[in-house]
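Each chain, letter by letter, is given below.
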Amino acid sequence: MEPEKIKESITRSARELFRKYGYHKTSVNEIAKKARIAKATIYKYFDSKEQVLDAILMEYLDVHLSEIIKNKASYTNEEEHLTALVMKTCRLTYTACNEFIGWDFVRENANSQEFLKHLSDQLESLLLAAYLKLDHFRNNPAKREGLAFLLKASKSIVFSFAFTSVSEADVRKNFVSFQKEMLPFLVRAAL
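Here the focus is helix H2 (residues 28-35). For H2, the full list of buried residues reads Val28, Ile31, Ala32 and Ala35. Projected down its long axis, H2 carries its buried residues within an arc of 95°, all on one side. Elements in contact with the buried residues of H2: helix H1 (3-21), helix H3 (39-45) and helix H4 (49-70). Positive phi shows up at Arg36, right after H2, with a value of about 60°.

This is the structure in structure tokens:
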């Protein structure tokens with residue numbers, strides 16, 4: 001098999017298993033079995049199970065973020081548009097982590113803090129690159145610093161939901177609070 005097809009088979013198998021059983025409960029052996037390859041082959045392409053997860057998350061976020069950015073919904077102004085984009089990307093990020101990792105792993109695993117820091121940094125870069133494709137940021141370099149601040153602050157707040165929320169109701173309450181009480185000030189500061 002070609003290297004790209006092998007890598008795709010690994011990530012596809014891992015994605016299915018992570019969704020079904022969660023990251024923490026899925027072993028590298030199970031991924032190899034589902035992909036119909038030797039366990040050692042996985043380590044030829046990825047240094048760890050965390051790197052497989054990282055590849056899956058970045059692909060998932062990149063595809064869905066591109067869809068969000070391309071959506072040409074009409075907004076009355078730049079502030080409303082940016083607010084909508086931030087909320088959509090925050091929900092996307094939370095959903096991706098919930099779907100592929102599971103918050104139990106995040107709260108209980110000793111390595112999760114380092115992994116989430118790495119994921120958070122990658123996500124910030126991905127979001128910044130995607131948002132800079134929008135006309136009002138691409139054509140106005142002065143707004144880029146404000147955008148970077150907005151994304152960093154929003155990302156930090158959303159990731160904190162994982163550690164402060166006990167239930168889905170708490171998450172919803174936190175998102176509503178963020179959207180109504182914090183995000184308007186962050187967006188105004190960014191613009």
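Once the structure has been displayed, the description carries forward.
Before going further, it helps to spend a moment on the pattern of salt bridges. Tallied over the entire structure, the rule returns five salt bridges. Here Glu8 makes a salt bridge to Arg12, at a shortest N to O gap of 3.4 Å. Of this pair, Glu8 and Arg12 both sit in helix H1, four residues apart, which is roughly one turn of that helix. For Glu8, a relative accessible area of 48% translates into the label partly exposed. On the basis of relative accessible area, Arg12 is assigned to the partly exposed category, the value being 37%. For Lys152, the salt bridge identified is with Glu124, shortest N-O distance 3.2 Å. Note that Lys152 is positioned in helix H9 (residues 144-164) and Glu124 in helix H7 (residues 112-131), a separation of 28 residues in sequence. According to the relative accessible area criterion, Lys152 is partly exposed, its value standing at 44%.

Structurally, the position occupied by Thr89 is in helix H5 (residues 78-100). Among the polar contacts listed, one links the side chain of Thr89 to the side chain of Tyr131, at a separation of 3.1 Å.

Our focus in this paragraph is the environment of Thr26. Relative to the elements of secondary structure, Thr26 occurs in the loop between H1 and H2. In this structure, the C-alpha to C-alpha distance between Thr26 and Ala14, residues twelve residues apart in sequence, is 8.1 Å. Non-local contacts of Thr26, meaning those with residues more than four positions away in its chain, are made with Leu17, Phe18, Tyr21, Ile31 and Lys49. Only 3.4 Å separates the side chain of Thr26 from the backbone oxygen of Leu17, close enough to count as a polar contact. Looking at Thr26, its side chain comes within polar contact range of the main-chain oxygen of Gly22, at 2.8 Å.

Tallied over the full model, the rule gives one aromatic pair. Sitting over the face of the ring of Tyr23, Lys49 holds its NZ or CZ atom 4.2 Å from the ring centroid. Lying across the ring of Phe185, Arg188 places its NZ or CZ 5.4 Å from the centre.

Of all hydrophobic cores here, the largest spans 59 residues; its most connected members are Leu82, Leu119, Tyr131 and Phe178. When residues of this core are traced back to their parent elements, those giving at least two are H1, H2, H4, H5, H7, H9 and helix H10 (168-190).

Here is what the cut-offs are and how they apply
- Residues numbered from 1 in each chain as written.
- Predicted model: local features only at pLDDT ≥ 70, side-chain atom pairs only at ≥ 80, totals over all residues.
- Heavy atoms only, no water.
- Buried < 20%, exposed > 50% of the residue type's maximum accessible area, 1.4 Å probe, protein only.
- Helix = DSSP H or I, 4+ residues; strand = E, 2+ residues; numbered from the N terminus.
- Arc of directions from axis to C-beta.
- Contact = heavy atoms within 4.5 Å.
- Salt bridge = Lys/Arg side-chain N within 4 Å of Asp/Glu carboxyl O.
- Polar contact = N/O pair within 3.5 Å; in protein donor to acceptor, adjacent residues only side chain to side chain.
- Phe/Tyr/Trp six-rings, centres within 6.5 Å; stacked < 30°, edge-to-face > 60°.
- Lys NZ or Arg CZ within 6 Å of the ring centre and 35° of its normal.
- Core = buried A, V, L, I, M, F, W, Y, C linked by side-chain atoms within 4.5 Å.

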